[in-house]
Amino acid sequence: MVEEKWVDHTLESSSILVHPNEIPSFAEAIFLKDPIYYDVEAAKAHGYSHIPLPATMPVTFWKKFDIPWLDGLGGVIHAKQSFEYKTTLVADREYQATLSLDKVETKESSLVMMEFLHHTLSIYHLNVLQCKVYTTLIVKGGESP
């Protein structure tokens, strides 16, 4: 189970730069066909400064963090995610991000205890908030008494 000391804890990342070559494979994996995700000229023709990141791509920013409250946990299930954009994220722009563990809820069934870990990933460019991603993970605990 997650230690209480991690609740309300925020991790800061180093610089995050998405190379334009990373975007097409992600777009293809989620079945996006729009040329704006594959070609910079198509993206610019639609008003973007560079190839835009697909809306769900910021989930890959989690790999930039060493997340201590997840260390040593057994199986983790991705339960829910939502995105709140101020602007579209684009390739070749330097971003910074923070990842916070906002809340831990413990729920118990007749068989097992579970923890619901509520996170916020905040993404900035030049210290201006660009996007927030809210993610809930479920961690299976021990058996219920």
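The structure we're discussing is the one just above.
Residues numbered from 1 in each chain as written. Predicted model: local features only at pLDDT ≥ 70, side-chain atom pairs only at ≥ 80, totals over all residues. Heavy atoms only, no water.

Each helix and strand counted, the protein chain has two helices and six strands in total. Mapped from its N terminus to its C terminus, the protein chain presents α and β elements in the order β-β-α-α-β-β-β-β. For the C-alpha atoms alone, the extent of the protein chain along its principal axes is close to 60 × 30 × 25 Å. Taking all 145 residues of the protein chain together, 39% fall into the buried category. In the protein chain, the share of contacts with a sequence separation of at least 24, taken over all contacts with a separation of at least 6, comes to 69%. (Helix = DSSP H or I, 4+ residues; strand = E, 2+ residues; numbered from the N terminus. Buried < 20%, exposed > 50% of the residue type's maximum accessible area, 1.4 Å probe, protein only. Contact = heavy atoms within 4.5 Å.)

With that out of the way, let us pick up unusual backbone geometry. Backbone geometry at Asp8 places phi at a positive 70°, although glycine is not the residue there. Residue position: Asp8 is located in the segment before β1 (9–12). At Leu126, a position not held by glycine, the phi torsion is positive, near 50°.

Turning to the nonpolar core, a few remarks are in order. If you look at the biggest cluster of nonpolar residues, it comprises 34 residues, and the most contacted ones within it are Ile23, Phe61, Trp69, Leu121 and Ile123. Taken together, the elements giving at least two residues each to this core come down to α1 (22–29), β4 (94–108), β5 (112–125) and β6 (128–143). Apart from residues no more than four positions distant in its own chain, Ile123 is found in contact with Pro58, Phe61, Leu89, Tyr95, Gln96, Ala97, Val128, Leu129, Gln130 and Cys131. (Core = buried A, V, L, I, M, F, W, Y, C linked by side-chain atoms within 4.5 Å.)

Bringing the packing of aromatic side chains into the picture now. This structure, assessed with the given rule, holds two aromatic pairs. Note on Trp6 and Trp69: the rings are 6.0 Å apart at their centroids and 50° apart in plane angle, and the pair reads as tilted. Of the two residues, Trp6 sits in the segment before β1 while Trp69 sits in the loop between α2 (40–45) and β3 (76–85), which places them 63 residues apart along the sequence. With respect to class, Trp6 is no different from Trp69; both count as buried. Each ring, one from Phe83 and one from Tyr85, has its centre 6.4 Å from the other, and the planes form 15°; the classification is stacked. A relative accessible area of 27% means that Phe83 is categorised as partly exposed. When its relative accessible area of 31% is taken as the criterion, Tyr85 is described as partly exposed. Above the ring of Phe116, the side-chain terminus of Lys107 is found at 4.6 Å from the ring centroid. (Phe/Tyr/Trp six-rings, centres within 6.5 Å; stacked < 30°, edge-to-face > 60°. Lys NZ or Arg CZ within 6 Å of the ring centre and 35° of its normal.)

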